[in-house]
Amino acid sequence: QKAFACILTLSTAFFCLTAGAQKYKNLSDTTALNKAYGEISLDMSKLNTRLLEAKNKTAGYQQKTSSTASDAVNSGQNSKKQAATATSGNTSDTKKAVRDAKRADREANNAKDAAADEKKNNKKIDQLTASIEKKQKQLNELDIQRAAIMAQLNPGPKAVTDSSAQ
């Protein structure tokens, strides 16, 4: 019985603290609550759209990263072979070796850029996910406040008397 009284006291204190912290408390606040709820829901849908776009870009970035990395490796190997040939002293071989080295450098830079783009996109996905979670918490808080307002309207079940017992 003491445990029940303790639990009842603690739950009442918790309810009073959370109810006191609520922004929307009365029936007159429901219009503002509904407006805030709608705005947050709209923000969430926009964030979800941006998140979906970012996730769709991820596959493209991963493909670009892997293809540019392999292109850079191939260009580097070709440049190395051409440089070995260019040591014979032929100027056309030397020019081709320089051209291949420049191509290998461009491919390596493209691979580096693709990896940076992929990393940036993953960071954006993480930020959008965190924003969506924050908005969801706000919606949950508004739901709790709406339930508290509705509880004021319907204070609870009333005792029903049986009219046939008379």
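These numbers were taken from a predicted model, which means no experiment stands behind them.

## Overview of the overall build of the chain
Phase 1: Along the backbone of the chain there are three helices and zero strands.
Phase 2: For the chain, the sequential pattern of α-helices and β-strands runs α-α-α.
Phase 3: Summing over all exposed atoms, the chain offers an accessible surface of approximately 12,300 Å²; the carbon and sulfur share of this is 57%.

## What to know about the nonpolar core
Phase 1: The biggest cluster of nonpolar side chains holds 14 residues, and the ones touching the most others in it are Tyr24, Leu33, Leu51, Leu128, Ile132 and Leu142.
Phase 2: Looking at this core, the elements that each hand over two or more residues are helix 2 (30–86) and helix 3 (91–153).
Phase 3: Broken down by element, this core gets its largest block of residues, seven residues, from helix 2.

## Topic: the environment of Met44
Phase 1: Following the sequence through the fold, Met44 ends up in helix 2.
Phase 2: Residue classification places Met44 among the buried residues on the basis of a relative accessible area of 10%.
Phase 3: For the pair formed by Met44 and Ser131, sequence separation is 87 residues and the distance between their alpha carbons is 8.3 Å.
Phase 4: Contact partners of Met44, with chain neighbours within four places excluded, come to Ile132, Lys135, Gln136 and Leu139.

Calculation notes
- Sequence order sets the numbering: in each chain, residues are counted from 1 along the sequence as written.
- Restriction of local features to residues with pLDDT of at least 70 applies here, the model being predicted, together with a cutoff of 80 or more for giving and counting side-chain atom pairs; totals for whole chains, interfaces and linings are based on all residues.
- In computing side-chain values, all of the structure's heavy atoms are included and hydrogens and water are not.
- Secondary structure elements follow DSSP: runs of H or I of four or more residues count as helices, runs of E of two or more count as strands, with numbering from the N terminus.
- Accessible areas in this description were obtained via Shrake-Rupley with a 1.4 Å probe; residue shielding takes into account the shown protein chains only.
- Within this scheme, the nonpolar core is defined by two criteria: the residues are buried Ala, Val, Leu, Ile, Met, Phe, Trp, Tyr or Cys, and they are joined through side-chain atoms within 4.5 Å.
- Each residue is assigned to one of three classes by its accessible area relative to the maximum for its type, calculated with a 1.4 Å probe on protein chains only: buried under 20%, partly exposed between the two thresholds, exposed over 50%.
- Any two residues whose heavy atoms approach within 4.5 Å at even a single point are treated as in contact.

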